[in-house]
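This is what each chain is made of:
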Amino acid sequence: MSETSLTSGQTRTPLALRFPSVLVFLAMLALFTLGVTILSEGFGIGVISTSFVKTLGKTLCLCLVALAMDLVWGYCGILSLGHMAFFGLGGYAIGMWLMYERTRLIVVDSLAASELPPTAQEISDGIATQIFGVVGASEFPPVWAFAHSLPIQLAFVVLIPGLLAFVFGWLAFRSRVTGVYLSILTQAMTLALSLYLFQNDSGLRGNNGLSGLQNLPGLDAVPQATVSLWFFWGSAFALGAGYLLCAWIVSGKFGSVIRAIRDDEARVRFLGYPVEAFKLFIFTLTAVIAGIAGALYYPQAGIINPTEIAPIASIYLAVWVAIGGRGRLYGAVIGAAFVSLLSTWFTGGQAPDINLGFYTIQWVNWWTVLLGLSFVAVTLFAPKGIGGLVDIIADRTSPNRHGADLGPDPGALREKEADK
Amino acid sequence: MSTLLEVSGVSVSFDGFKAINNLSFQIGAQELRAVIGPNGAGKTTFMDIITSKTRPDEGRISYGDKGLSLLSMSESRIAQAGIGRKFQRPTVFEDQSVADNLMMALRKARGPLRVLMFRPTPADHDRIAELAGEIGLSGMLHRKSGELSHGQKQWLEIGMLLAQEPRLLLVDEPAAGMTPAEREHTTDILREAARTRAVVVVEHDMEFVRRLGCKVTVLHEGSVLAEGSIDHVTKNEKVIDVYLGR
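Being a predicted model, the structure only gives us computed values, none of them experimental. Counting from 1, residues in each chain are numbered in the order their sequence is written. Working convention: letters from A go to chains and numbers from 1 go to ligands, in the order in which they are written. Only residues with pLDDT of at least 70 are given local features in this predicted model, and only at 80 or more are side-chain atom pairs given and counted; all residues enter the totals for whole chains, interfaces and linings.

1. What to know about the overall build of chain B
If you tally the helices and strands in chain B, you get 10 helices and 10 strands. For a compact globule the rule gives 2.2 Å times the number of residues to the power 0.38, and the radius of gyration it is set against comes from C-alpha atoms. The C-alpha radius of gyration of chain B comes to 18 Å, within 12% of the 18 Å expected for a compact globule of 246 residues. Each principal axis of the C-alpha atoms in chain B carries an extent, and together these give about 55 × 40 × 35 Å. Comment: elements are numbered from the N terminus, with helices defined as DSSP H or I runs of at least four residues and strands as E runs of at least two.

2. Here we look at the packing of helix H3 (residues 50–75) of chain A against helix H11 (residues 275–301) of chain A
Residues and elements named next belong to chain A. The axes used here are C-alpha line fits, helices contributing only the stretch in contact, and every angle between their N-to-C directions lies in the interval 0 to 180 degrees. Put simply, H3 and H11 touch, their axes get as near as 9 Å, and they point 170° apart. Overall, the two elements H3 and H11 adopt an arrangement that is roughly antiparallel. Of the residues in H11, those in contact with Lys 54, Gly 57, Lys 58, Cys 61, Leu 64, Val 65, Leu 67, Ala 68, Leu 71 and Val 72 of H3 are Ile 282, Phe 283, Thr 286, Ile 289, Ala 290, Ala 293, Leu 296, Tyr 297, Gln 300 and Ala 301. Partitioned by chemical class, the residues of the contact of H3 with H11 number 15 nonpolar, 3 polar and 2 charged. Relative orientations are named as follows: roughly parallel for angles under 35 degrees, roughly antiparallel for angles over 145 degrees, roughly perpendicular for angles from 65 to 115 degrees, and oblique for any other angle. Contact between residues is assigned whenever the C-beta positions, reconstructed from backbone atoms, fall within 7 Å. Note on residue categories: nonpolar means Ala, Val, Leu, Ile, Met, Phe, Trp, Tyr, Cys or Pro, charged means Asp, Glu, Lys or Arg, and polar means any other residue, Gly included.

3. Side note on the interface of chain B and chain A
Accessible area lost upon the coming together of the parts serves often as the stated size of an interface. If you look at the interface, chain B gives 34 residues, while chain A gives 31 residues. At the level of elements, helix H2 (75–80), helix H3 (98–105), helix H4 (112–117) and helix H5 (122–134) of chain B are the ones that each hand at least two residues to the side of chain B that touches chain A. Per-class residue counts for the side of chain B that touches chain A are 14 nonpolar, 10 polar and 10 charged.

4. Describing the sheet that holds strand E4 (residues 58–63) of chain B
All names here are of chain B. Two strands are said to pair when DSSP picks up at least two bridges between them. Pairing is antiparallel across the open sheet formed by 4 strands, whose spatial order is E2-E1-E4-E5. Of all strands in the sheet, those with a lone pairing partner are strand E2 (17–28) and strand E5 (68–69), marking the two edges. Where E4 lies against E5, 2 bridges are found, and the strand directions are antiparallel. In the strand pairing of E5, Ser 62 is matched with Ser 69. Against the sheet, helix H1 (residues 43–50) contacts strand E1 (3–14), E2 and E4, and its axis sits at roughly 65° relative to E2.

5. A few points about the nonpolar core
Under the definition applied here, buried Ala, Val, Leu, Ile, Met, Phe, Trp, Tyr and Cys residues are grouped into a nonpolar core through C-beta atoms within 7 Å. Any residue surrounded by 20 or more other C-beta atoms within 10 Å of its C-beta is treated as buried, while 12 or fewer makes it exposed and the intermediate range makes it partly exposed; C-beta atoms here are placed from the backbone. With 184 residues, the main nonpolar core has A:Val65, A:Ala66 and A:Leu67 as its most contacted residues. A per-element tally of this core places H11(A) first, with 17 residues.

6. A few points about the sheet that holds strand E8 (residues 198–202) of chain B
Residues and elements named next belong to chain B. Pairing in this open sheet of 6 strands is mixed, and the strands run E6-E7-E8-E3-E9-E10 from one edge to the other. The two strands at the open ends of the sheet, each matched to only one other strand, are strand E6 (83–86) and strand E10 (223–228). Pairs of neighbouring strands in the sheet enclose a mean axial angle of 20°, with direction left out of account. Sitting on the sheet, H1 touches strand E3 (32–36), E6, strand E7 (168–172), E8 and strand E9 (215–220), and the angle it makes with E7 is about 145°.

7. A look at the pairing of E9(B)
Residues and elements named next belong to chain B. Most of E9 is tucked away, with 5 of its 6 residues classed as buried. Where E3 meets E9, 4 bridges bridge the pair, whose relative direction is parallel. Residue pairing in the sheet places Ile 36 in a bridge with Val 218 of E9. In this sheet, E10 lies alongside E9 in antiparallel orientation, the contact comprising 5 bridges. Note on E10: the bridge partner recorded for Leu 219 is Val 224. Taken together, E9 and the strand that follows it, E10, pair antiparallel across an intervening segment of 2 residues, in which Glu 221 is found at a positive phi of about 45°.

8. Some thoughts on the pairing of E8(B)
Residue and element names in this part refer to chain B. Of all 5 residues that make up E8, 5 are buried, and the element is covered over most of its length. Residues Ala 198, Val 200 and Val 202 line one face of E8 and the alternating positions Val 199 and Val 201 line the opposite face, and both faces are buried. Bridge count for E3 against E8 is 4 bridges, and the pairing is parallel. Across the sheet, the residue bridging to Ala 34 is Val 201, located in E8. Bridging between E7 and E8 involves 5 bridges; their strand directions are parallel. Its bridge partner being in E8, Asp 172 is matched across the sheet by Val 202. With the strands aimed away from the viewer, a crossover counts as right-handed if its path from the first strand over the helix to the second runs clockwise. In this fold, the crossover linking E7 to E8 by way of helix H7 (residues 180–193) has right-handed handedness.

9. Points about unusual backbone geometry
Residues and elements named next belong to chain B. For Glu 165, which is not glycine, the phi dihedral falls at a positive 50°. A positive phi is found at Glu 221, a non-glycine position, where the angle reads about 45°. Mapping Glu 221 onto the fold places it in the loop between E9 and E10.

10. Considerations on the confidence of the model for chain A
The predictor attaches a confidence to each residue, called pLDDT, with possible values from 0 through 100. Across chain A, pLDDT averages 87, with 90% of residues at or above 70. Considering only residues more than four positions removed or in separate chains, one finds that residues 1–11 of chain A, a stretch of pLDDT under 50, has 16 contacts.

11. Some thoughts on the packing of helix H4 (residues 83–111) of chain A against helix H12 (residues 311–324) of chain A
Residues and elements named next belong to chain A. Taken N-terminus to C-terminus, the directions of H4 and H12 make an angle of 115°; their axes are 7 Å apart at the nearest point. If you check the angle between H4 and H12, you find them roughly perpendicular. Between H4 and H12 lies a crossing whose hand is right-handed. Where H4 approaches H12, its residues His 83, Met 84 and Ala 85 are matched on the opposing element by Ala 313, Ser 314 and Leu 317. Left-handed is the label given to a crossing in which the near helix is rotated counterclockwise from the far helix by less than a right angle, and right-handed is the label when the rotation is clockwise.

12. Section: helix H5 (residues 120–132) of chain A
Residues and elements named next belong to chain A. How far a helix is expected to stretch is found by multiplying one less than its residue total by 1.5 Å. Relative to the 18 Å expected for 13 residues at 1.5 Å per residue, H5 spans 18 Å between its end C-alpha atoms, a close match to the ideal helical length. Taken as a whole, H5 has its buried residues at Ile 127, Ile 131 and Phe 132. Axial view of H5: buried residues confined to an arc of 105°, hence all on one face. Next to the buried residues of H5 lie H4. As used here, the arc is the angular range of directions from the helix axis to the C-beta atoms.

13. Here's the deal with the confidence of the model for chain B
Per-residue confidence for chain B averages 87 on the pLDDT scale, and 98% of its residues sit at or above 70. Two summary scores accompany this predicted model of the complex, namely pTM at 0.88 and ipTM at 0.86.

Here it is in structure tokens:
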């Protein structure tokens, strides 16, 4: 990690050079984005279907939330099993505007034919009936007060998950809740939130959730093939920016301190660091990242409902990061991309069923079993996850002596010198 | 000599067992002090109370020129106020390099945002190199501290304490598990540190305490049994009975 030489008068090396993995990652992401664009229906030769572009775009968002999970769990040691709640809240925040605005345009359109021009009240009632008829209401609940404003709802994408995480974290960390108890608390939080949203009078359409989010208001003329690419690019950009941010955070002394908190929290306290403040900072920041990822994900998915923030979603998130390799940023990305794409393949009915004669393994049902087994296997046999493979390859090319002597006598060349 | 820390009438009990019983203790601003006593005498609890790991049932602790009360402060605030502590087992961050460990300990702003914006200056690197020299780990700055020997970890921890530039250093059994040569080096480091600050060493090993050549406080059943030079306390009848006689 720290390749900074300790000779005095050294100049600061750019982040990308100190962490070649950042550069490699960004280059691969750029190539991937370019490749998908060229192969897409919207801007390229049409090899990749629009629905698959959406799947890839959604995968990038999942990679982003996995990065957040890696930061909070892999680096800071807080096993949060509630981060998908923040992801969902980001989705709801943007979904409210998308649904409101699109419905408004439809209502205005239909009322335009009437003899008298419609009043603002009529339009508002029309929208409310359209949106909330399904839960037997015809008025806007208070939470929709700002749904007409894109800037405010965009701010909510960041503010609502951030605020919830801040308050929750402040209460939990201040009481020194750690380890498995904290995990249970975060599970309780996401469960409570999803149960609340399931209610019809929660104001967010109960179990129907928000739908039609793939249609951007006022842009009906733009084909989905194009819109899907816009979101794909947005997701790729967000992932790249998120990766840079996370790499920057974990690179310096801050990264040192949070890893130290993960390994021995009490000791860090005796060094004089306010451990709770650091945890709260990371918890809130990662919740905000998760919110942004969610806001990019759900317009591509088209629908969001309370099942999305059920506890199982957050557990999947932890599984992705564990399989990919926690404590390294690219590990989280690899894990999320690999497992979620594989999951799409298995549950999408594309995987060939295996006929054992007496029983047919249908992957749609058996995929979760396979995932569970591989999670156990990774935890037991390869705690570094898929990312650990990188170490094996790197060790083969240059054995890591951790800067020790290369020879038996004290004056022998040191590894660092030999590298130059 | 001004008093840096004054503990007066402190008691603490765990489930009815009095671990510390009406203990009073003071130490000057530049003083080396050894605290000895048999197992269960309350030596570690005494340090826990000063660093706020354990809250006492009664008593007062005043620290520094302004007579700050430590009882209402959190662990991290106390550390920031200049009290450093070394635990019995060496606790360094094994996953990180020696340099990173020292960098974390350097006396700098401790808030999250300040830490996030922190970038080491050449002076910081020099200070770390200097500290590494003092604790005999110069050639190992880039090694993971988990790869160090037991004695080297102890030194690294002492180095981290020195990096914090504390005014009061609490050291719990620094010589445990060290070779004779390592012990000697440790003695030197501690004596050197006590020139500019207060150092309290909790120790079992009489020989080690003798080599420190400082005032000794003997604890027994949670209160001070005797205080004075090593020769003075080893001649004390009560001390011989409870401790040396065994």
